[in-house]
Amino acid sequence: MKLTYRKEQSGEVSVIQSDDQGESEFSYLNLILSLLGGDELEPPALEGDFSQEEASSIQRMHETINEELSPEEEGSQVDAS
């Protein structure tokens, strides 16, 4: 799934999601269902005047989501017993 962040002149940010079915307004429910179905977030697309800090924050968020949802490698899990 690809998310496009659009920053308007007013500073308002909107998010559009794109997948095999086309583009639609962002929905947390669709995002969660897509991620639970095995999809990953593609690198974000930024449209508008985002600061470097804002762009980095959005990129880190995407990376963190993908890392948290990726399968654990064998042997990397900590034994809690």
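Residues numbered from 1 in each chain as written. Predicted model: local features only at pLDDT ≥ 70, side-chain atom pairs only at ≥ 80, totals over all residues. Heavy atoms only, no water.

**Student:** Describe the pairing of strand β3 (residues 22-25), listing the residues and the values that go with them.
**Tutor:** The pairing of strand β2 (residues 13-19) with β3 spans 4 bridges and is classified as antiparallel. Following the sheet pairing, I16 is matched in β3 by E25. Following β2, the chain reverses through 2 residues before pairing antiparallel with β3. (Pairing = 2+ DSSP bridges. Helix = DSSP H or I, 4+ residues; strand = E, 2+ residues; numbered from the N terminus.)

**Student:** Give me the lowdown on helix α2 (residues 52-69), citing residues and values where you can.
**Tutor:** With 18 residues, α2 should reach 26 Å at 1.5 Å per residue; the first-to-last C-alpha distance of 26 Å fits that figure. Taken together, the buried positions of α2 are occupied by A55, I58, H62 and N66. Along α2, the residues classed as buried sweep out an arc of 70° about the axis, all on the same side. Exposed residues pointing more than 90 degrees away from the buried face of α2 are listed as Q52, E53, E67 and E68. The elements touched by buried residues of α2 are β1 (2-7) and β4 (45-47). (Expected span 1.5 Å × (residues − 1). Buried < 20%, exposed > 50% of the residue type's maximum accessible area, 1.4 Å probe, protein only. Arc of directions from axis to C-beta. Contact = heavy atoms within 4.5 Å.)

**Student:** Before we move on, can you summarise the pattern of salt bridges with the specific residues and values?
**Tutor:** According to the stated counting rule, one finds 2 salt bridges in the structure shown. Salt-bridge contacts for R6 lead to E47; the nearest nitrogen and oxygen are separated by 2.8 Å. Taken together, the residues span a long stretch of sequence, with R6 in strand β1 and E47 in strand β4 at a distance of 41 residues. Assessed through its relative accessible area of 36%, E47 is described here as partly exposed. A salt bridge links E54 to K7; the shortest N-O distance between them is 2.9 Å. Of this pair, E54 sits in helix α2 while K7 sits in strand β1, and the two are 47 residues apart along the sequence. Overall, the relative accessible area of 31% leaves E54 in the partly exposed class. (Salt bridge = Lys/Arg side-chain N within 4 Å of Asp/Glu carboxyl O.)

**Student:** A description of the packing of aromatic side chains should follow, citing residues and the corresponding values.
**Tutor:** Where two aromatic rings form a pair, the distance of their centres and the angle of their planes describe that pair. With the rule as written, the count across this model stands at 1 aromatic pair. Between F26 and Y28 the ring centres are 4.8 Å apart and the planes differ by 80°, which places this aromatic pair in the edge-to-face class. (Phe/Tyr/Trp six-rings, centres within 6.5 Å; stacked < 30°, edge-to-face > 60°.)

**Student:** Got a sec to walk through the sheet that holds β1? Specific residues and values, please.
**Tutor:** What the 4 strands build is an open sheet, ordered β3-β2-β1-β4; its pairing is mixed. Each edge of the open sheet is held by one strand with a lone partner, namely β3 and β4. When the angles between neighbouring strand axes are averaged without regard to direction, this sheet yields 25°. Looking at chain direction, β1 and β2 are connected through 6 bridges and run antiparallel. Residue pairing across strands places R6 opposite S14, the latter belonging to β2. (Axes fitted to C-alpha atoms, helices over the stretch in contact; angles between N-to-C directions.)

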